[in-house]
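A look at the structure
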Amino acid sequence: MIRDARVLQPEFVPRDIVHRTQEVNTLSNALEPVMEGNAGETAFLYGPSGTGKTCIAQFVAERLRENVIDINYQYVNCWEDYSRFKTLYRILEGIDRTLDIHRQSTPKDELLERLHAHEGAPYVIILDEVDQLEDKSVLYELYRTRGLTMVLIANQETELFASLNERLTSRLRTAIRIDFDRYSVEELVAILEDRVRWGLREDTVTDGQLELIADAAAGDARVGIEVLRVAARRATQQGLDTISDEVIETSVSEAKSEIRQRNVEKLIEEQRILYEIITEEQEIAPSDLYEQYRERAEEPKSDRMVRNYLQKMQRYNLIKATGENRGRTYVAL
DNA sequence: CCTCCACTGGAAGATCGGGAAG
DNA sequence: CTTCCCGATCTTCCAGTGGAGG
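Computed from a predicted model, the values in this text were never measured in an experiment. (Residues numbered from 1 in each chain as written. Chains lettered and ligands numbered in written order. Predicted model: local features only at pLDDT ≥ 70, side-chain atom pairs only at ≥ 80, totals over all residues. Heavy atoms only, no water.)

Around DNA strand B, the surrounding shell holds twelve residues, and the nearest of these are Tyr 290, Arg 304, Arg 307, Arg 326 and Tyr 330. Separating a phosphate oxygen of DNA strand B from a side-chain N or O atom of Tyr 330 is a distance of 2.4 Å. Mapped onto the surface near DNA strand B, the elements with two or more residues apiece are α13 (286–296) and α14 (303–315). Tallied by class, residues from the surface near DNA strand B come to three nonpolar, five polar and four charged. (Near = heavy atom within 4 Å. Polar contact = N/O pair within 3.5 Å; in protein donor to acceptor, adjacent residues only side chain to side chain. Helix = DSSP H or I, 4+ residues; strand = E, 2+ residues; numbered from the N terminus. Nonpolar A, V, L, I, M, F, W, Y, C, P; charged D, E, K, R; others polar.)

Below, the structure is given as structure tokens:
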């Protein structure tokens, strides 16, 4: 059934983009000066998750690298590398192969100095989930770095700019802005068809079934591809030659819970205790939550730290805080 | 309406762990 | 070995906020 499992992985970047040609062209134009060895325009990619922002940024950057011999390119996920240090470290990794990766502590600001000292080929960096950056001033420092071209990815413009200071805001106002809307069912079907062509054997799934998947994914390609992956795996386990409607139906919820499970696995012990309490209670007031946590944890952290944990869990879309101040409750999703 | 106080989240400083320097 | 420096984590303190309950 499955011909090439990599094609069904979430991080897979296809050889051809079947939609979003407008967005691809706009981003290509922004990066055009890199072809002549100059810095490109700063580009902003906005849109909900699963609308192809990351995919298109990587696609355009990869294509650029194929056409220009002398170019450096690095993808940074600011969700994982959220601190100033980690971000700069990751960016340096893209140009400085001799950087001693075992060295945990470096003299203060040596990272930025090294980056500024770098002279040579144009450097294109993609900063994904840039709104997750703890210290946004690093963006200003990067903006000022010669020869550096930034592609910034975030969910919402207003949310991102709210966390930036004026100096940075006015600079970034001139950046090229590209909006990504949710995929329509037809577009999503086309994307899934493409994955099926490369990832699965022929005639294992009908167009009608892809429509079913696209419909359940509600414009989110990540969910759609995950459903396809789970369905193909299930059908294989059941010894089927083709994917049945029944398999798709059960795969939708399984795919969604697998996406959630992957996030739960990223939690540390303390956060998992909190997640457990909240899922048991469904909805809980802050003081009750703090109390129950103190009872269950072997060495409970302070309430302030618990609030930090809760914020992180909200970003993972595992829980939700409703209401403000006294009216606040935490709800399991 | 007003007051109270539970709750949030920023700021500053302490502590931890690991690596480098002496 | 000790001392210093770093980033990360955590605590302490606290100002600001707005819903609950008189």
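Here the narrative resumes.
A few words now on the domain arrangement of chain A. For chain A, the assigned domains read domain 1 (20–179), domain 2 (185–263) and domain 3 (266–332). Computed over C-alpha atoms, the centres of domain 2 and domain 3 are 33 Å apart. (Domains from an automatic or database assignment.)

Attention now goes to the sheet that holds strand β6 (residues 283–284). Sheet strands pair via backbone hydrogen bonds, and the direction of the pair is either parallel or antiparallel. Strand order in this open sheet of three strands is β6-β8-β7, and the pairing throughout is antiparallel. Bordering the open sheet on either side are β6 and β7 (319–322), each of which pairs with just one other strand. For β6 and strand β8 (residues 329–332), the ladder comprises two bridges, and the chain directions are antiparallel. Across the sheet, residue Glu 283 finds its bridge partner in β8, namely Val 331. Against the sheet, α14 touches β7 and β8, its axis set at about 115° to β7. (Pairing = 2+ DSSP bridges. Contact = heavy atoms within 4.5 Å. Axes fitted to C-alpha atoms, helices over the stretch in contact; angles between N-to-C directions.)

With that out of the way, let us pick up the packing of aromatic side chains. Within this structure, the stated rule accounts for four aromatic pairs. Seen in terms of ring centroids, Phe 44 and Phe 161 are 5.7 Å apart; in terms of plane orientation they differ by 55°. Their pairing is tilted. You can see Phe 44 sitting in strand β1 (residues 43–46) and its partner Phe 161 sitting in helix α6 (residues 157–162), a full 117 residues away along the chain. Each of the two residues, Phe 44 as well as Phe 161, counts as buried. A network of ring pairs unites the aromatic residues Phe 44, Tyr 46 and Phe 161 as a single cluster. (Phe/Tyr/Trp six-rings, centres within 6.5 Å; stacked < 30°, edge-to-face > 60°. Buried < 20%, exposed > 50% of the residue type's maximum accessible area, 1.4 Å probe, protein only.)

Here the focus is the pattern of salt bridges. Summed over all chains, the structure comprises 22 salt bridges. One salt bridge connects Glu 93 with Arg 90, and the closest N-O pair in it is separated by 3.1 Å. Within this pair, Glu 93 and its partner Arg 90 are both found in helix α3 (residues 84–93), separated by three residues, close to a single helical turn. The closest approach of N and O atoms between Arg 229 and Glu 258, which form a salt bridge, is 3.2 Å. One end of the pair, Arg 229, is in helix α10 (residues 221–237); the other, Glu 258, is in helix α11 (residues 245–265), with 29 residues separating them in the sequence. Across this residue pair, the class does not change: Arg 229 and Glu 258 are buried. (Salt bridge = Lys/Arg side-chain N within 4 Å of Asp/Glu carboxyl O.)

In space, the five strands of this open sheet follow the order β2-β3-β4-β1-β5, with parallel pairing throughout. Where the open sheet ends on each side, the last strands, each with one partner, are β2 (72–77) and β5 (176–179). Geometrically, the sheet is characterised by an average inter-axis angle of 15° between neighbouring strands, direction not taken into account. Summarising the sheet, strand β3 (residues 123–128) and strand β4 (residues 148–154) pair through five bridges and their orientation is parallel. Within β4, the position partnered with Leu 127 by the bridge is Leu 152. Running at roughly 165° to β5, helix α1 (residues 21–31) makes contact with β1, β4 and β5 of the sheet. Set on the sheet, helix α2 (residues 53–67) makes contact with β1, β2, β3 and β4; between it and β2 the angle comes to about 165°.

Turning our attention to the protein's contact with DNA strand C. Taken together, 15 residues lie near DNA strand C, and Ser 83, Ser 302, Met 305, Asn 325 and Arg 326 sit nearest. By atom count, sugar and phosphate contribute 73% of the portion of DNA strand C lying within 4 Å of the protein. Contact distances for DNA strand C include 3.1 Å between a phosphate oxygen and a side-chain N or O atom of Tyr 309. Residue Arg 326 places a side-chain N or O atom 2.7 Å away from a base nitrogen belonging to DNA strand C. Only α3 and α14 provide two or more residues apiece to the surface near DNA strand C. Per-element accounting of the surface near DNA strand C gives the leading share, three residues, to α14. Among the residues forming the surface near DNA strand C, the class breakdown is four nonpolar, five polar and six charged.

To continue, consider the nonpolar core. Counting residues in hydrophobic clusters, the biggest one holds 31 residues, and the most contacted among them are Phe 44, Ile 91, Ile 125, Leu 127, Val 130, Leu 139 and Leu 142. Of all elements in the fold, only β1, α3, α4 (110–117), β3, α5 (137–143), β4, α6 and α7 (166–172) reach the threshold of two or more residues within this core. The contact partners of Phe 44, leaving out residues within four places of it in the chain, are Leu 152, Leu 160, Phe 161, Leu 172, Ala 175, Ile 176, Arg 177 and Ile 178. Listed in part, the 28 residues of the second largest apolar core include Val 189, Val 196, Leu 228 and Ile 243. (Core = buried A, V, L, I, M, F, W, Y, C linked by side-chain atoms within 4.5 Å.)

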